[in-house]
Amino acid sequence: MTSRFEARRQKILEQLDAPDGEYHDLSPKGSIDAPIRELISEINGFDGIVTTSSCSGRISVFLEGRKADGNASNKPGEGEESRAGPGGKGGGGTWLFISHDPVEVPIASSPTDFMSQFGLRKASDDNLSRPDAQCRFIHLKFEPMILHILSASLVHAQNVLNAGMGAGFRESGAVSLGASKSGEANPVVAIRSTGYSFDSIIGYQDESGCNISLINEAHLRTLVYIANERFRINEERIARFRTQLLELYKTTSNATSGSSKSGWEDADARKQRKRAEGLAKQQALQNASSERIASTGSDSLGIDGFGSIVS
């Protein structure tokens, strides 16, 4: 009988194998981020784990949703529009800009126009209104990689969690640790870190619906520099996570199967390993033959091929 985990894993892999034109997920971009596609493929090649959602890390500009009145609940009544929750999500919040790669910054002597790139307008005499607590603010954010990985057991989950923590994703954790009705425990591990994320308010939406900048172009440029530096840190931690997961998975695989073979072994490595094993076997046979000749004076083998001496 197919296990609950294997059934879910197979369904996820079938969705990921869909052609680019047919695949779509719930992220703003609607597909796996290019910077971690290879990592996702490698993780999903292991037994016992499969990714369920991911983000490689991003810089974004986000317009908050409509806020609830001071005395009103965030839950909409019949016929009412939804309102934003903490952080501005919901209530019609809108992404004005998203990039999963560092944003190009011209050399210092060249001008930038991040204000237009991020959908902002410079404050002028025509929009001198100042924001208040109920305004829809505009945020520039950097958010590190986050991965959600479904595991077949607590042991698999622990390996993933150890790799994440060791790579610097300090806020990683696991949920669904208890067994289901079928007796399976399939924890979901979140690999994440908030230590090098940031969120800066850079503007607001005025009463006429214009997105007005609260800072100048030089300040925007500085924030983009900071976000790009966080991307570098993010890339380093992703690389460490990949390496640590490989080492932990190989250790577990060797302990349970006694084999040095790993799902991470590429074709060249396998060729070299097979060649080394063949040479070692050949040398062992030669050594055994030499020992027999030295002890019996004959190099003949019996018909059983196991060293029975023919008289």
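Reading the Catalytic activity (unreviewed entry) entry of the UniProt record for the chain gives the comment "4-demethyl-7-[(3S)-3-amino-3-carboxypropyl]wyosine(37) in tRNA(Phe) + S-adenosyl-L-methionine = 7-[(3S)-3-amino-3-carboxypropyl]wyosine(37) in tRNA(Phe) + S-adenosyl-L-homocysteine + H(+)". Entered under Sequence similarities (unreviewed entry) in the UniProt record, the comment concerning the chain runs "Belongs to the TYW3 family."

A.B. asks: Could you clarify how one ought to interpret the pattern of salt bridges in this entry?
C.D. replies: For side chains of opposite charge, pairing can occur when their charged atoms come near one another. Here the structure, examined in full by the defined rule, presents four salt bridges. Its salt-bridge partner being Arg232, residue Glu236 comes within 2.5 Å of it at the nearest N-O pair. Of this pair, Glu236 and Arg232 both sit in helix 5 (residues 217-257), four residues apart, which is roughly one turn of the helix. Judged by relative accessible area, which is 39%, Arg232 ranks as partly exposed. Residues joined by salt bridges that share partners form a network here, namely Glu229, Arg232 and Glu236.

A.B. asks: What should I look at first to understand unusual backbone geometry in this one?
C.D. replies: Only a minority of non-glycine residues have a phi that is not negative, and only a minority of peptide bonds are not trans. In the Ramachandran plot, Ser176 falls in the positive-phi region, its phi being about 60° despite a non-glycine side chain. One can find Ser176 in the loop between strand 6 (173-175) and strand 7 (188-191). By relative accessible area, which is 47% here, Ser176 ends up partly exposed.

A.B. asks: Looking at this structure, I do not really get the environment of His148. What am I missing?
C.D. replies: Position of His148 among the secondary structure elements: in strand 5 (residues 146-151). As for His148 and Ala174, which are separated by 26 residues in sequence, their C-alpha atoms are 9.2 Å apart. In this structure the side chain of His148 is engaged in a polar contact, spanning 2.8 Å, whose partner is the side chain of Ser53.

A.B. asks: Can you help me understand helix 4 (residues 154-166) in this one?
C.D. replies: Here helix 4 contains 13 residues, and its C-alpha end-to-end distance of 18 Å stays within 8% of the 18 Å for a straight helix at 1.5 Å per residue. Among all positions in helix 4, only Ala157, Asn159, Val160, Leu161, Ala163 and Gly164 are buried. Once helix 4 ends, the next one or two residues include Gly168, with phi positive near 105°.

A.B. asks: Honestly, the nonpolar core in this entry has me stumped. Any pointers?
C.D. replies: Among the nonpolar cores identified, the biggest contains 44 residues, and Phe118, Leu140, Leu147, Ile191, Ile202, Leu220 and Phe241 are the most heavily contacted of them. Looking at this core element by element, the count peaks at nine residues for helix 5. Once residues lying within four places of it in the same chain are set aside, the contact partners of Ile191 are Met145, Ile146, Leu147, Ile149, Val160, Gly164, Phe169, Ser172 and Phe241. Within the second largest apolar cluster, six residues are counted, among which are Ile12, Leu13, Leu150 and Val188.

Thresholds, definitions, all that
- Residues numbered from 1 in each chain as written.
- Predicted model: local features only at pLDDT ≥ 70, side-chain atom pairs only at ≥ 80, totals over all residues.
- Heavy atoms only, no water.
- UniProt positions renumbered as here; feature names shortened; annotations may be inferred.
- Salt bridge = Lys/Arg side-chain N within 4 Å of Asp/Glu carboxyl O.
- Helix = DSSP H or I, 4+ residues; strand = E, 2+ residues; numbered from the N terminus.
- Buried < 20%, exposed > 50% of the residue type's maximum accessible area, 1.4 Å probe, protein only.
- Polar contact = N/O pair within 3.5 Å; in protein donor to acceptor, adjacent residues only side chain to side chain.
- Expected span 1.5 Å × (residues − 1).
- Core = buried A, V, L, I, M, F, W, Y, C linked by side-chain atoms within 4.5 Å.
- Contact = heavy atoms within 4.5 Å.

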